[in-house]
Amino acid sequence: MALALMLPNGASFHGGCCRHKALLPLLGPLLSNSKLFSSYRRPGAEPEKKPSWQNADLSFKKGIDQLKTQLSLLKKETLDYLKGPGGHPVSQHLLEQTRVLWQFRSQEDLNKWVISSDVEIGGKSKVYIKLGRNNQAALLYGTLNTEVPRDGETKYSGYCSMRSRPLVGSFSRKKFYDWSNFNSLYLRVRGDGRPWMVNIYTDPYFSHQKDDLYSYFMFTRGGPYWEEIKIPFSKFFLSSRGRVQDTQHPVWLDKASFQTFGLTIGDKVDGPFQLEIDFIGLLNDRAHREEFAYEPYDKN
């Protein structure tokens, strides 16, 4: 009889005897969110002595409930696919000029994002996110600290970021955004005058490209007024591990590569910061005809 291991973080591991091996390709991806792998451990820190699988909860009923949930998601995805791109009719897709990707009106909207800082590498920066006044925006705030941890290895510190969670389909399959119908990113924000980096993370085909991302600057003017910022995708440049690459190319906006979106502050200025975000969306600007802002060249 098959068993389901319910891990503390909500993920499940399904297994069983030989005759149930046919189900493993379907149920195995549910392991993707588990913490059976070791997370980052900064130099000098002791490893965890007790592996997480020892806290597993064996439950056959929960495994069946998970299977029913994933099958219902698969049914919905199939119906949306038959209806048209993004679950909309083709005529509506072709005429679409704007699209709101993320707006912040409830705690559920905030749960679609993950915040992080240099604390992960031993730094002292702090970052928080909460709903703003009247639940009409997200307030990202904290304190930036560029003090380098004294571990003998880290050379730079001082960053905070927020990043969208990857889309997950039925049976924990990866899902990708398709922005090929638009040419600009559109944000409504209110900042404190500090610059931010807007990042687009891809899902590469090769392991050596896992740190590649496309970035561009977002400058906030500060003050009590909201500002609407339009950033053409042609302005984004390619970098890897913080280094701008010699070989540049436009962002691939089709559903084969783009996975998550993020905002990062790291202007090397110690002190508090805050950024209010009303929504993040897309725009098809017919007046913008630039394909790529940077001149490519052949390396010798």
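Values in this document were obtained by computation on a predicted structure and should not be read as measured data.

Engineer: Describe in detail the environment of Arg243, supporting the description with residues and values.
Structural biologist: Within the secondary structure, Arg243 is located in strand 14 (residues 243–244). Accessibility expressed as a relative area gives 63% for Arg243, which makes it exposed. Taking the C-alpha atoms as reference points, Arg243 and Asp212, separated by 31 residues in sequence, lie 9.6 Å from one another.

Engineer: Go over the nonpolar core, please, and point to the residues and values.
Structural biologist: Most often, soluble globular proteins keep nonpolar side chains buried together rather than apart. Residues Trp102, Trp179, Leu185, Met218, Phe236, Phe261 and Leu263 are the most contacted members of the largest nonpolar core, which totals 38 residues. Top contributing element to this core by residue count: strand 16 (residues 271–283), with 5 residues. Beyond its immediate sequence surroundings of up to four residues, Phe236 is in contact with Leu185, Val198, Ile200, Tyr214, Ser215, Tyr216, Ile231, Val251, Phe292 and Tyr294.

Engineer: Give me the environment of Glu295: which residues, what numbers.
Structural biologist: Along the chain, Glu295 turns up in the segment after strand 16. A relative accessible area of 73% means that Glu295 is categorised as exposed. Sequence separation of Glu295 and His249 is 46 residues, and the distance between their C-alpha atoms is 9.1 Å.

Engineer: So, the pattern of salt bridges: which residues are in play, and what are the values?
Structural biologist: A complete count under the given rule lists 12 salt bridges for this structure. A salt bridge links Asp65 to Lys61; the nearest nitrogen and oxygen atoms lie 3.2 Å apart. Taken as a pair, Asp65 and Lys61 lie in helix 2 (residues 60–83) at a separation of 4 residues, close to a single helical turn. Between Lys76 and Asp80 there is a salt bridge, with the nearest N and O atoms lying 3.1 Å from each other. In this pair, Lys76 and Asp80 both sit in helix 2, 4 residues apart, roughly one turn of the helix. With relative accessibility at 25%, the residue Asp80 sits in the partly exposed group. Taken together, the shared-partner salt bridges in this structure form one network comprising Arg105, Arg188 and Asp278.

Engineer: Please give an account of unusual backbone geometry that cites residues and values.
Structural biologist: Of note, the phi angle at Ser172 is positive, near 60°, even though the residue is not glycine. Given the relative accessible area of 19%, Ser172 is considered buried. One non-glycine residue with positive phi stands out, namely Lys268, at about 65°.

Engineer: Give a description of helix 2 that names residues and reports values.
Structural biologist: The end-to-end C-alpha distance of helix 2, which contains 24 residues, comes to 35 Å, matching closely the 34 Å that a straight helix rising 1.5 Å per residue would cover. Looking at helix 2, one finds that the buried residues are Gly63, Gln66, Gln70 and Glu77. Positioned one or two residues after helix 2, Gly84 has a phi angle of 155°, which is positive.

Engineer: With reference to specific residues and values, describe the pairing of strand 16.
Structural biologist: Remember that side chains alternate between the two faces of the sheet whenever the strand is regular. With 11 of 13 residues buried, strand 16 is to be regarded as a mostly interior element. Sheet topology note: the strand 7 (residues 138–144)/strand 16 ladder contains 7 bridges and is antiparallel. In the sheet register, Leu140 faces strand 16, and the bridge partner there is Leu275. Here 8 bridges tie strand 9 (residues 184–191) to strand 16, and the two strands are oriented antiparallel to one another. Within strand 16, the residue paired with Gly191 across the bridge is Leu275.

Engineer: Run through a nonpolar patch on the surface, naming residues and quoting values.
Structural biologist: A cluster of nonpolar side chains, namely Leu79, Tyr81 and Leu82, defines an oily patch on the protein surface of about 410 Å² accessible area. Tracing the backbone shows Leu82 in helix 2.

Engineer: Help me get a handle on the side chain of Ser157, residues and values and all.
Structural biologist: Structurally, Ser157 is set in the loop between strand 7 and strand 8 (160–164). Here Ser157 falls in the buried class, since its relative accessible area comes to 13%. Those residues in contact with Ser157, other than ones at most four positions away along the chain, are Asp118, Gly123, Asn145, Thr146, Glu147, Val148 and Pro149.

Engineer: Outline the packing of aromatic side chains, supporting the account with residue identities and numerical values.
Structural biologist: By the definition in use, this model includes 16 aromatic pairs. On the basis of an interplanar angle of 45° and a centroid distance of 5.9 Å, the ring pair of Phe104 and Trp113 is categorised as tilted. Residue Phe104 is classed as buried on the basis of its relative accessible area, which comes to 0%. Taken together, Trp102, Phe104, Trp113, Tyr177, Trp179, Tyr216, Phe217, Phe219, Phe233, Phe236, Phe237 and Phe261 form an aromatic cluster joined through their ring pairs. Over the ring of Tyr201 we find Arg163, and its NZ or CZ is 3.6 Å from the ring centre.

Engineer: Give me the lowdown on the side chain of Ser215, citing residues and values where you can.
Structural biologist: Note that Ser215 resides in strand 11 (residues 212–219). What makes Ser215 buried here is its relative accessible area of 2%. A polar contact is formed between the side chain of Ser215 and the side chain of Asn199, at a distance of 2.9 Å. Aside from chain neighbours lying at most four places away, what touches Ser215 is Met197, Val198, Asn199, Lys235, Phe236, Phe237 and Ser239.

Reading guide: rules and limits
Residues numbered from 1 in each chain as written. Predicted model: local features only at pLDDT ≥ 70, side-chain atom pairs only at ≥ 80, totals over all residues. Heavy atoms only, no water. Helix = DSSP H or I, 4+ residues; strand = E, 2+ residues; numbered from the N terminus. Buried < 20%, exposed > 50% of the residue type's maximum accessible area, 1.4 Å probe, protein only. Core = buried A, V, L, I, M, F, W, Y, C linked by side-chain atoms within 4.5 Å. Contact = heavy atoms within 4.5 Å. Salt bridge = Lys/Arg side-chain N within 4 Å of Asp/Glu carboxyl O. Expected span 1.5 Å × (residues − 1). Pairing = 2+ DSSP bridges. Patch = residues over 30% accessible without salt bridge, like charges linked within 9 Å, V, L, I, M, F, W, Y side chains within 5 Å. Areas by Shrake-Rupley, 256 points an atom, 1.4 Å probe, with all protein chains shown as cover. Phe/Tyr/Trp six-rings, centres within 6.5 Å; stacked < 30°, edge-to-face > 60°. Lys NZ or Arg CZ within 6 Å of the ring centre and 35° of its normal. Polar contact = N/O pair within 3.5 Å; in protein donor to acceptor, adjacent residues only side chain to side chain.

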